[in-house]
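So you can see what is in the structure, the chains are spelled out below.
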Amino acid sequence: MALKVTVPELRARKATTGRGERLALVTAYDATFARLFDQAGVDAILVGDSLGMVIQGGTSTLGVTVDEVCYHGRAVARGTQRAHLIGDMPFLSYHTGVDQAVANAGRLLKEGGFESVKLEGGKEMADVVQRMVRMGIPVVGHVGLMPQRVHAMGGFKVQGKDEDAAESILEDAMAIAEAGAFMIVVEGVPAPLAARITHAVDVPTVGIGAGLQCDGQILVGYDLLGLNDSLKPRFVKRYEAFFQRGVDAVRSYVGEVRDGAFPGPEHSFGLGPRAPEASPRTAEAALAHVHGADFDLAAAYGPTH
Ligand code: KIV
């Protein structure tokens, strides 16, 4: 059994200052993908509220609930042995008061199997982060492009392009680090700003659409595997073309079913030892052929005549 990646280990990986290798993070939402990413050696898996778009097919992350993040968290936890597990705090689960924020973060740890939580926000969230950390809940910050503010931003747009905006994002990151976050996601900002942020805070920064000068990177797992065929933002690199490969594979299946090539003998079950060798003609005989000679049709399906 692989040893779990811990919060102190992640916190110590300030790669840009030579303290450890760069961090590689991905998002996942189920046990199978979690197993794949874990075996590939990612340092941490985020169950992002991006699940509202990637899994639920929505146009934003706003509708995701704490229950849903917990549900996907339990699945991901079952598929993960080594990677650290981060749960995303959904929109409005931490905005209406520190007590409620702590209670919801606690639910992610208790019910979702997470080992830390992530929340979007800067200075205005510092008190929330501080209380969570004091209560023993490790927090990952998220500054720059904050998808939960999509309407306020007028879309998913790169942030911090002018000096005032850049300064404000830098202050956000510093406030969140000061409040006790052990890692900070920096999303959708110019690369030089991400570099300034990385230099200014003593915890690792994890970039997405933020250039190379961060202490690590994160991508949506479906994006990096090429499972999202409809959208390819500039910051995404597809390392595979799983969507197209999946379409090709399923086309082969459809063709083989239609022309009778699947299932072959290697995918079928033989007769039991006491059954006569005969080709099945009736529905009963066909089922007995598949399930074995002792198969009791009536007991399994009820009377057919
Ligand atoms: O929700 C999410 O998947 C995220 C990452 C893209 C950082 O916040």
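Residues numbered from 1 in each chain as written. Predicted model: local features only at pLDDT ≥ 70, side-chain atom pairs only at ≥ 80, totals over all residues.

Q: Tell me about the site of the ligand, residues and numbers included.
A: By nearness alone, every residue bordering the ligand is listed as T27, L46, G48, D49, S50, D88, V185, E187, I208, I218 and V220. Those elements that provide at least two residues to the shell around the ligand are β6 (183-187) and β8 (216-220). Among the residues forming the shell around the ligand, the class breakdown is five nonpolar, three polar and three charged. (Near = placed C-beta within 6 Å. Helix = DSSP H or I, 4+ residues; strand = E, 2+ residues; numbered from the N terminus. Nonpolar A, V, L, I, M, F, W, Y, C, P; charged D, E, K, R; others polar.)

Q: Let's hear about the sheet that holds strand β7 (residues 205-208): which residues, and what values?
A: If you walk around this closed barrel you meet the eight strands as β1-β2-β3-β4-β5-β6-β7-β8, and the pairing is parallel. Averaged over all pairs of adjacent strands, the angle between their axes in this sheet comes to 25°, without regard to strand direction. Across three bridges, strand β1 (residues 23-27) lies against strand β2 (residues 44-47) in parallel orientation. From the neighbouring strand, V26 faces β2, where its bridge partner is I45. (Pairing = 2+ DSSP bridges. Axes fitted to C-alpha atoms, helices over the stretch in contact; angles between N-to-C directions.)

Q: Please provide a residue-by-residue account of the pairing of strand β3 (residues 84-88), values included.
A: Of all the five residues making up β3, five are buried; the element is thus mostly covered by neighbouring parts of the structure. Alternating positions in β3 separate into two faces, H84, I86 and D88 on one and L85 and G87 on the other, with burial throughout. Relative to strand β4 (residues 116-118), β3 runs parallel, the two sharing three bridges. Paired with I86 across the strands is S116, a residue of β4. The handedness of the β3 to β4 crossover, carried by helix α5 (residues 98-112), is right-handed. (Buried ≥ 20, exposed ≤ 12 C-beta atoms within 10 Å, placed from the backbone. Right-handed = clockwise from strand over helix to strand, strands pointing away.)

So, to be careful, I would describe these as geometric facts and stop short of saying anything about function.
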